[in-house]
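Here's the letter readout for the chains.
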Amino acid sequence: MISIALDGPSGAGKSTVAKKCAERFGFRYVDTGAIYRTIGLAAFNRGIDTKNSAAVVSMLPELDIDLSYNESGEQRMILNGSDVSEEIRSPEISMCASNVSAIAAVRDYLTDMQRNMAKKYDVIMDGRDIGTVILPNADVKVFLTASADARAARRYKELIKKGREISFNEVLSDMKLRDEQDTKRAAAPLKAAEDAVYLDTSDMSFDESVDAVAKLIIEKTGRVPVMER
Ligand code: DC
């Protein structure tokens, strides 16, 4: 099995790059942030303070989290039988996800689910600790980043397109807060693995970022894109 680890801060373009590369190489795209978001949503819906570790941990046995794929290969998050894939995308739930992800017991609870995906399929997995903790032996490790302004501008565009009412400054400050929290936490903080290739996409177009990651995959795994086989 081939595994590609794609880590980096929010808004660096990880999910869009990962989706395109998954398509090109016939890999399964695993969005691990969506799993933390699902736990954040479950806590939020129960009125649980997502910074209260004991309360979040005591909720975990009540959760049945399933990661499924629809006919177009898109990952869907199923929480206790309901598809919550859209609900988990709000800025409010982003912060809840960041809060619950700082709890070591939550991370432990999700480790096997993520590793099992990489045992069964060729994967491109994006997150914060994939190259450092979840898949330390990944064939390719990329740390994708961009300036805070470039990342916030992309996220802002995405949210406006979805019809959300939010200002650029709100997006920028939420993002900085979340990145700082994800980087400074004790449990599996956001950081590049020592053997990761660092890619700054601030001045790159979307296609250029995809091409750069695809080139690394070809060089390091010998895989050729599906359409060229
Ligand atoms: O990738 P994302 O923005 O959807 O992730 C939401 C939050 O989940 C993020 O702020 C930090 C956390 N996360 C994590 O701690 N580890 C991962 N592998 C993926 C996400």
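Owing to the predicted nature of the structure, the values given are computational and were not obtained by experimental measurement.

What counts, and at which threshold
- Residues numbered from 1 in each chain as written.
- Predicted model: local features only at pLDDT ≥ 70, side-chain atom pairs only at ≥ 80, totals over all residues.
- Heavy atoms only, no water.
- Pairing = 2+ DSSP bridges.
- Helix = DSSP H or I, 4+ residues; strand = E, 2+ residues; numbered from the N terminus.
- Axes fitted to C-alpha atoms, helices over the stretch in contact; angles between N-to-C directions.
- Contact = heavy atoms within 4.5 Å.
- Core = buried A, V, L, I, M, F, W, Y, C linked by side-chain atoms within 4.5 Å.
- Buried < 20%, exposed > 50% of the residue type's maximum accessible area, 1.4 Å probe, protein only.

**Some points on the sheet that holds strand β1 (residues 3-7)**
Part 1 of the argument: Taking strand neighbours across the sheet as the criterion, the five strands line up as β2-β6-β1-β7-β8 in an open arrangement whose pairing is parallel. Each end of this open sheet is capped by a strand with a single partner; those strands are β2 (28-31) and β8 (197-200). On average, adjacent strands in this sheet sit at an angle of 20 degrees to one another, irrespective of strand direction.
Part 2 of the argument: Judged from the four bridges that link them, β2 and strand β6 (residues 123-127) form a sheet pairing that is parallel. Residue Val 30 lies in a different strand from β6, and its bridge partner there is Met 125.
Part 3 of the argument: Along the sheet, helix α5 (residues 104-120) contacts β2 and β6; its crossing angle with β6, the most-contacted strand, is approximately 155 degrees.
Part 4 of the argument: Docked against the sheet, helix α9 (residues 206-221) engages β1, β6, β7 (140-145) and β8, running at close to 165 degrees with respect to β7.

**Let's talk about the nonpolar core**
Part 1 of the argument: Counting residues in each nonpolar core, the largest one holds 35 residues, and the members touching the most others are Ile 39, Leu 63, Met 77, Val 106, Met 125 and Leu 135.
Part 2 of the argument: If you list the elements that add at least two residues to this core, you get α2 (32-45), α3 (53-59), β3 (65-69), β4 (75-79), α4 (91-101), α5, β6 and α6 (130-134).
Part 3 of the argument: The element contributing the most residues to this core is α2, with seven residues.
Part 4 of the argument: Every residue in contact with Val 106, bar those within four places of it in the chain, is listed here: Tyr 36, Ile 39, Val 56, Leu 60 and Val 100.
Part 5 of the argument: Phe 25, Phe 27, Tyr 29 and Ala 212 belong to the second largest nonpolar core, which has 21 residues in total.

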